[in-house]
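# Report on the structure
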Amino acid sequence: MAYFNFNNIKITGVACTVPKTKIKSNDYYERFGQDYVDKFVKMTGVEETRKAGVHQTASDLGCAAAEELLRNKKVKREDIKALIFSTHSMDYRRPATACVLHKRLHLKRDCVAFDVNLGCSAFVYSAQIISGLMANSNIDKGLLIVSETMSKTVHPEDKSSTMLFGDAGAAILFEKVPDNKLSGILCSDGNGYKSIIIPAGGFRNLKAPEESLLFSDGNKRTLYNVWMDGAKVFEFTIRDVPKTIKSYMEYEHTSPDTYDYFIMHQANKYIHKQLQKRLKILPEKMPLSLDRYGNTSAAAIPLTLCDTFGTIDSKTEYQMLMSGFGVGLSWGVMGTAIKCTDIYPIIETEECFTEGIIHTPEEWEEADV
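The following refers to the structure shown. (Residues numbered from 1 in each chain as written. Predicted model: local features only at pLDDT ≥ 70, side-chain atom pairs only at ≥ 80, totals over all residues. Heavy atoms only, no water.)

## Looking at the sheet that holds strand β16 (residues 330-339)
In plain terms, the rule: When DSSP finds at least two bridges between two strands, those strands are taken to pair. Only DSSP runs of H or I reaching four residues or more are called helices, and only runs of E reaching two or more are called strands; each is numbered from the N terminus. Note on definitions: angles span 0 to 180 degrees between N-to-C directions of axes, and those axes are lines fitted to C-alpha atoms, for helices only across the stretch in contact. By the convention used here, residues are in contact when the closest approach between their heavy atoms is within 4.5 Å.
Strand order in this open sheet of five strands is β1-β9-β16-β15-β14, and the pairing throughout is mixed. If you trace the sheet from one side to the other, it starts and ends with β1 (2-6) and β14 (261-264), each paired once. Put simply, the sheet's adjacent strands are angled 20° from each other on average, direction ignored. Packed on one face of the sheet, helix α6 (residues 230-252) meets β1, β9 (182-188), β14, β15 (317-326) and β16 and runs near 45° to β16.

Have a look at this one:
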C-alpha cells in the first residue's frame, strides 16, 4: 500500500457550493412510478439532489467555492502558489480546467496549476498530491478544488442513476505549518475499470453512436452516459474499503475511538451502514449529506464536512478520518485534524463562466482570452 505522511501540512479552510435547482424524489413519480421511487429512496437514502444549469459546469461550482474560501480566510491571491482541480467533469478536453480557474481566480504566473482526473476518490488522492507538492517546495499555500456535475452524465431514463447523483463543488485551502500531521493510504485496482464508466466521448470510442440503447440491467442509456455495475461496486466497497481503513489505523497505531468523526464518500445509505457495521463505528460519528445532495462524487467528502460543521460556531479541532472510493477502481483514506471554524456553510450559486461558451469561430475570436 502507498502510505503518505506529512508533518508540516494542514487543511485550514473548506468551502462548498451547490446549484440552486433542487430535484426532489417525488419529481420522478410520473416518470418511474411512486412504488419504484419510494423503494429507491429507502435503499439509497437520497431524497433530494441539486442540478447544475445547462452551461453551468463543475469549474463554476468550484470557482464560487474558491472565492468564498479566499474571502473568508482573507488570503491574498498572490500567496496561492499551487492550484489543483480534481474532477471527471472538465470544461474542455483541452486545456486543463485548472488553467481556466487560474485565470478566473486571478492567480499569479508563478502558481502551478493542473488537473487530476479522478472521481469518488478525488479528494483523498488530491489531498496527498498537493501536500507532497507543498512539503517538498517553497509553496506555503495551495488550493485544491474538487467538483463534479454528475447530473450531466446520466440518461434521464436510467432509473439506477438519475435519482442518485447530484452536483456540487468544493475548495480546500492547504497551508504549510509546523507540527501538524496529515497522512493517508491510496490504492487502485484497474481490473475494475469497467465497473463505473462512460464508454464514449474520449478518444477510444471517438465517434460512437449517440442513440439510446437498452443495457443488460434494463435501463436506457447512450454510450455517452455513465454506466455502473452496482453489484461489483458494492462488493468492492464493503470488501476493500474497511480493510484499507483498518490498515491505515494499524500504520497510525490508532483505533476508531481515536477519531471524532469518519467522513465517508456518500455512495448510498446502505453502503454507509455496511461500513459502520464492519468498522464498528457509532452512527453519530459518520454523518450523512446524501439525503439532501445525493452522491456528488469528487465533492462528497468536503460537502459533508461543510454540511455537518459549517454552521457550528465552535473553535473545537476535530480528528477526522476520511475515505473516498469508487470509479477507477480507486480508493483511499486519510486522517488529519481540522478546526470547526475553518469549515464554512454551504452556499448556493448560479455562477456560469459565459466567456467560455463558444458555438462558432466568430464567438471564439471575439472572446476575451
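Back to the text.
## Here we look at the pattern of salt bridges
To be explicit about the condition: Every case where a carboxyl oxygen of Asp or Glu lies within 4 Å of a side-chain nitrogen of Lys or Arg is listed as a salt bridge. Exposed residues in this analysis have more than 50% of their type's maximum accessible area, buried residues have under 20%, and partly exposed residues fall in between, with area computed by a 1.4 Å probe over protein chains only.
Counted according to the given criterion, the structure contains 18 salt bridges. Between Glu 48 and Lys 24 there is a salt bridge, and its shortest N-O distance comes to 2.7 Å. Taken as a pair, Glu 48 in strand β4 (residues 48-51) and Lys 24 in strand β3 (residues 21-24) lie far apart in primary sequence, 24 residues in all. Its relative accessible area of 12% is what places Glu 48 among the buried residues. For Glu 235, the salt bridge identified is with Arg 239, shortest N-O distance 3.4 Å. Taken together, the residues Glu 235 and Arg 239, both in helix α6 and four residues apart, mark about one turn of the helix. Through salt bridges with shared partners, one network takes in Asp 60, Arg 104 and Glu 351.

## Some words on the environment of Gly 45
Its place among the elements puts Gly 45 in the loop between α2 (34-44) and β4. Looking at Gly 45, the relative accessible area reads 9%, which means it is buried. Separated by 119 residues in the primary sequence, Gly 45 and Leu 164 place their C-alpha atoms 9.1 Å from one another. Discounting chain neighbours no more than four positions away, the residues touching Gly 45 are Phe 40, Lys 269, Leu 290 and Asp 291.

## Side note on the sheet that holds strand β5 (residues 82-86)
Each strand in a sheet pairs with another by means of backbone hydrogen bonds, the pair being arranged parallel or else antiparallel. Taking strand neighbours across the sheet as the criterion, the six strands line up as β6-β5-β7-β8-β2-β17 in an open arrangement whose pairing is mixed. Looking at strand neighbours, the two that pair on one side only are β6 (112-116) and β17 (347-349), the edges of this open sheet. For this sheet, the mean inter-axis angle between neighbouring strands, taken without regard to orientation, is 25°. Taken together, the eight bridges between strand β2 (residues 9-19) and strand β8 (residues 167-176) define a ladder with antiparallel strand orientation. Each residue of the ladder has a partner; that of Ile 9, found in β8, is Lys 176. Those strands touched by helix α3 (residues 58-73) are β2, β5, β7 (141-149), β8 and β17, and its axis lies near 130° from that of β2.

## Description of the side chain of Ser 121
In this fold, Ser 121 is placed in the loop between β6 and α5 (122-135). Not counting residues up to four positions away in its chain, the partners in contact with Ser 121 are Gly 324, Phe 325, Ser 330 and Trp 331.

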